[in-house]
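The chain contents come next:
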Amino acid sequence: MFILSVNGKEYSSESDKKLLSFLRDDLHLTGTKDGCSEGACGACTVIVDGKATRACVFTLSRLQGKKITTIEGLSQRERLVYSYCFAACGAVQCGFCIPGMVMSAKALLDVNTTPTREEVKKAIRGNICRCTGYVKIEDAILMAADYFRTGREVVFESGDASLGSSFARVDAVAKTLGEGIYTDDITLKGMCHAKAIRAAYPRARVLSIDKSEAEKDPRCVRVITAEDVPNNRHGHLKKDWPVLIATGELTHYVGDAICLVVAENRADLDELCAKVKITYDVLEGVYDVHTALKDEIRVHEGESNVMRSEHIVRGDARKALENSAHTVHCTFSTPHTEHAFMEPETAVATYSDGTVTLYTGGQSVYDELHEVTHILNLPEEKVHCISQLVGGGFGGKEDMSVQHHAALAAYITHRPVKVKLSRAESIMIHPKRHPMEMELTLGCDEKGFLTGLECTILADTGAYASLGGPVLQRACTHAAGPYDYQNIDITGIALYTNNVPSGAFRGFGVTQSCFATESAINILAEKVGMDPFEFRYQNALLPGDVMPNGQMASGDTAIKECLDALRPYYEKYPKAGIACALKNSGVGVGVPDTGRCILSVEKGIVHIRTSAACMGQGLATVVLQITAETTGLSPESLTVESPDTFRTPNSGTSTASRQTAFTGEATRRAAEKLSEALKDHTLSELEGMEFFGEFSYETDPITSTKPHPVSHLAYSYSAQLVDLDENGRVREVVAVCDSGRIINQLSAEGQIEGGVVMGLGYALTENFITENGYVKSKYGTLGLIRATDVPQIKVITVHGPEYGPAAYGAKGIGELCTIPTAPAVAHAYYRRDGIFRTSLPLEKTAYRK
């Protein structure tokens, strides 16, 4: 018997388990989050005898007689102060890390109410945040210190919800106090648990699956194999991904699921999985793009390793380069990158009266609906997908990871089933950022005006297609940068390998090609004898110019405004590195793209209903502010519903920096109808009425022969500066971003700060390591940047002469802000030591010797 005190009450346990499991599973104190169970992320931080402690590390036997405080044990005063300060400072995005941050803050402020920012950084060094860049979390802790020190009263006010204000996020308080519900926080009566047995080899033929020993065990509910799956293939754009690998089929990477073991208790899953005996014929695999190109070993039997190819041509690049006064020819490479979102993937499914209900935390409930109905061969009205809070995504929660397995297990067993990936499984299974090799030639005339670009991009798309085709396309279409020249010849090839699949990741291919092009520009400017800032400035697009892809630069184009705002800092830091970038808003290139919203009046409250996933970017707050702005209604009369395929219309995937523009505009259109109705009626008189808004934007396909095709609704622009200190560490980043009209200033700043920090990690510290298809990285060894490593970040927002056509002129910001950081860092090091670095993460820096 193990006895310990939790939040002032005494509890006992018969078994010596980890504190985290005891808190969440036994006491149902789910405010303490399970981010890694490896002692690396800090999401499970609690206070033990006054010290911040990771609950996943210690067993109960080591804590007997200790006093443990969880987020639920805060005093009323602490609850008010922390929730107010974290909301007011914009410290909450996906929110999964925040209860742990609060507990680390409490451990500090309980003994020091006058901390410096450096002391705050040290206090939260053990807590990783992947969204915010830590700046606003530090601001919130410093504000909380002031409240505790002075005894000031906390007053929650409605706040200004008008466009451009810093209205507090609608979910900030619940997330701060650990009261927001993520999928793993769900426990249902009679719920069992499932786990997939993964492939032992990256490429092998499954010869046999013997599940008899496992199924004899009374703890086992069922072992599900491929023969039990109505349709055994899934995939966003190409259904090449097996739900389960069948006997006789090939494995394609170590994350492949062979069978699904369902047990009464999660603690028994590993033992039961070990009882399933699988035999393989191990085969030689393909682990790099050059081997894949040879096509001698085919990853998918009977199919070329070339998953997708692109050839984008405008003008005559070869002739332009031959006639150029200066050219640069370089080859660049970028690695896999792990999303490292704070919340590992979890899904819960039930089956009742012929309907599967699926609780998830992905990037589109309708994507999940379409995948699950296909796999189970069910009509859409028989699958109900409901999103809980999403603990970060960054593109990594677009593919099926656990949703299909939970739905399948519930459908077959008629029991509620939870499927939860361990952090090690998550890292091994879900798609990463594409590694790319890029060979380019860039030219300019004697005055430094860009003339042409030839580029070949090889992308490792891994075992399955995922979103590798569109990612490759964006890498190609954005490779020329935000500059005024029209001769491009870009070839892109995405190749199957037996590595972890690659797919959507913040930046969507543009992070890779931007690193290459911006780095080459620095050498080209040097050849001309021009300052790299002035080189970019004279080539930067203006409204009315023809972009390299042929689209006319619209009136909201603001790359020169970005550079104008950056100029004073460039003059202040003469050795700083700079880079520019652009990023599309919307799927574009001829693919149908629609945002939708319903406003319904229910019991005097306007319900804002859209399926657009909010994974930390603050979309729920955006649509609330747009509704308030358009109708004049107070925020108290509005509520935003969670995505739900039975309640919310399909607003597309939270991807391609599209939701603020597309769903924001759909919301504005619905709100206009409501506003019109309110001219003649009170809100109570409109009870039961619904107002529907929809927004689509027609674009031209990539193959269009129009002189000036419209590829995307809009483009956002950024210019960034990176300054190093005397030790070669990043001292300051200045990030200037044009995302059109800002809906929420604090949220925009937080997105940019978080994007910059993610870009710094991409440039300097992060490295996802595989060897012959086997994943070698752990969460704690990914090189994620912690609060103590974050430099000063200055955020500046600008806009063009005009605003764009959607959502009051708003454009995407979530991806743009991370794209130019890595090339700006590389440029800063080049100006420091003269070493031209062509691969990421950068070598021979203060971060990587």
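All of the points below concern the structure found in this document.

Cut-offs used in this document
Residues numbered from 1 in each chain as written. Predicted model: local features only at pLDDT ≥ 70, side-chain atom pairs only at ≥ 80, totals over all residues. Heavy atoms only, no water. Axes fitted to C-alpha atoms, helices over the stretch in contact; angles between N-to-C directions. Helix = DSSP H or I, 4+ residues; strand = E, 2+ residues; numbered from the N terminus. Parallel < 35°, antiparallel > 145°, perpendicular 65-115°, else oblique. Left-handed = near helix turned anticlockwise from the far one by under 90°. Contact = heavy atoms within 4.5 Å. Salt bridge = Lys/Arg side-chain N within 4 Å of Asp/Glu carboxyl O. Buried < 20%, exposed > 50% of the residue type's maximum accessible area, 1.4 Å probe, protein only. Polar contact = N/O pair within 3.5 Å; in protein donor to acceptor, adjacent residues only side chain to side chain. Core = buried A, V, L, I, M, F, W, Y, C linked by side-chain atoms within 4.5 Å. Pairing = 2+ DSSP bridges. Expected span 1.5 Å × (residues − 1).

Here we come to the packing of helix α16 (residues 532-539) against helix α17 (residues 559-572). Contact pair α16 / α17: the axes reach a minimum separation of 10 Å and the direction vectors enclose 165 degrees. Considering the angle they form, α16 stands roughly antiparallel to α17. Handedness of the crossing formed by α16 with α17: left-handed. Contacts between α16 and α17 involve Pro532, Phe533, Glu534, Arg536 and Tyr537 from the first element and Lys560, Leu563, Asp564, Leu566, Arg567 and Tyr570 from the second.

Another point: the pattern of salt bridges. Any two side chains of opposite charge can pair, on the condition that their charged atoms come close. Taken as a whole, this structure holds 57 salt bridges when the rule is applied. A salt bridge links lysine 420 to aspartate 34, with the nearest nitrogen and oxygen atoms 2.7 Å apart. Within this pair, whereas lysine 420 is found in strand β18 (residues 417-420), its partner aspartate 34 is found in the loop between α1 (19-26) and β3 (45-48), the two being separated by 386 residues in sequence. Comparing lysine 420 with aspartate 34 shows no difference in burial state: the two are buried. When salt bridges with common partners are traced through the structure, they connect Arg24, Lys33, Asp34, Asp184, Asp185, Lys418 and Lys420 into a single cluster.

For the rest of this paragraph, the subject is the side chain of glutamine 93. Mapped onto the elements, glutamine 93 comes out in the loop between α2 (76-88) and α3 (98-109). The class of glutamine 93 is buried, set by a relative accessible area of 3%. Within the local environment of glutamine 93, its side chain forms a polar contact with the backbone oxygen of glycine 750, the two atoms lying 3.1 Å apart. Of note is the side chain of glutamine 93, whose polar atom sits 3.0 Å from the side chain of glutamine 751. Each residue touching glutamine 93, except ones within four places of it in the same chain, is listed here: Cys131, Thr132, Arg169, Lys175, Gly616, Gly750 and Gln751.

This next bit is on the nonpolar core. Grouped together as the largest cluster of nonpolar side chains are 219 residues, with contacts concentrated most on Phe86, Ile137, Leu453 and Tyr779. Once you skip the residues sitting within four places of it in the chain, isoleucine 137 turns out to touch Phe86, Ala91, Cys97, Ile98, Met101, Ile124, Cys129 and Thr132. One finds Leu163, Ala666, Ala670 and Ile743 within the second-largest nonpolar core, a separate group that totals 35 residues.

Reading across the sheet, the seven strands line up as β8-β11-β6-β18-β15-β16-β17 and stay open at both edges, with mixed pairing between neighbours. Each edge of the open sheet carries a strand with a single partner, namely β8 (220-224) and β17 (383-387). For this sheet, the mean angle separating the axes of adjacent strands, direction not counted, is 20 degrees. Of the strand pairs in this sheet, strand β6 (residues 192-198) and strand β11 (residues 257-263) are connected by six bridges, and their pairing is antiparallel. Pairing of arginine 198 across the sheet is with alanine 257, part of β11.

In this section: the sheet that holds strand β24 (residues 605-609). Taken together, the four strands give an open sheet; going across it, the order is β25-β24-β23-β26, and neighbouring strands pair in mixed fashion. Each end of this open sheet is capped by a strand with a single partner; those strands are β25 (638-640) and β26 (690-696). Within the sheet, the average angular offset between the axes of one strand and its neighbour, ignoring direction, is 20 degrees. Note that strand β23 (residues 594-602) and β24 share five bridges and pair antiparallel.

The element helix α14 (residues 468-477) is extensively covered by neighbouring structure, given that ten of its ten residues are classed as buried. Where α14 is concerned, the buried positions are Gly468, Gly469, Pro470, Val471, Leu472, Gln473, Arg474, Ala475, Cys476 and Thr477. Tucked inside the fold, the buried residues of α14 contact β13 (306-314), β19 (436-444), β20 (450-462), β21 (488-496), α15 (510-528) and β22 (577-585).

This next bit is on helix α19 (residues 659-678). In this model, α19 (20 residues) spans 27 Å end to end at C-alpha, consistent with the 28 Å of a helix rising 1.5 Å per residue. For α19, the tally of buried residues reaches 14 of 20 residues, placing the bulk of the element in the interior.

Attention now goes to the side chain of serine 83. Looking at where serine 83 falls in the secondary structure, it is placed in helix α2. When near neighbours in sequence (up to four residues on either side) are disregarded, serine 83 contacts Glu78, Phe156, Val173, Thr176 and Leu177.

Moving on, we come to the pairing of strand β28 (residues 730-738). For β28, a buried count of eight out of nine residues is recorded, marking the element as mostly surrounded by other parts of the structure. Here strand β27 (residues 714-724) pairs with β28 via eight bridges, running antiparallel. Within β28, the residue paired with tyrosine 717 across the bridge is aspartate 738. Linking β27 back to β28 in an antiparallel pair, the connection comprises five residues, with glycine 728 at a positive phi of about 80 degrees. Bridging between β28 and strand β31 (residues 792-798) involves seven bridges; their strand directions are parallel. Each bridged residue has a counterpart across the sheet, and for valine 734 the counterpart in β31 is lysine 794.

With an omega dihedral of -10 degrees, the bond running from leucine 840 to proline 841 counts as a cis peptide bond. With respect to the helices and strands, proline 841 occurs in the segment after α21 (821-833). In this structure, aspartate 49 takes a positive phi of about 50 degrees despite not being glycine. For aspartate 49, the location among the structural elements is in the loop between β3 and β4 (51-54). Overall, aspartate 49 belongs to the partly exposed group, its relative accessible area being 45%. Unusually for a residue other than glycine, asparagine 772 sits at a positive phi of about 50 degrees. Structurally, asparagine 772 is set in the loop between β29 (770-771) and β30 (774-775). Residue asparagine 772 is classed as exposed on the basis of its relative accessible area, which comes to 54%.

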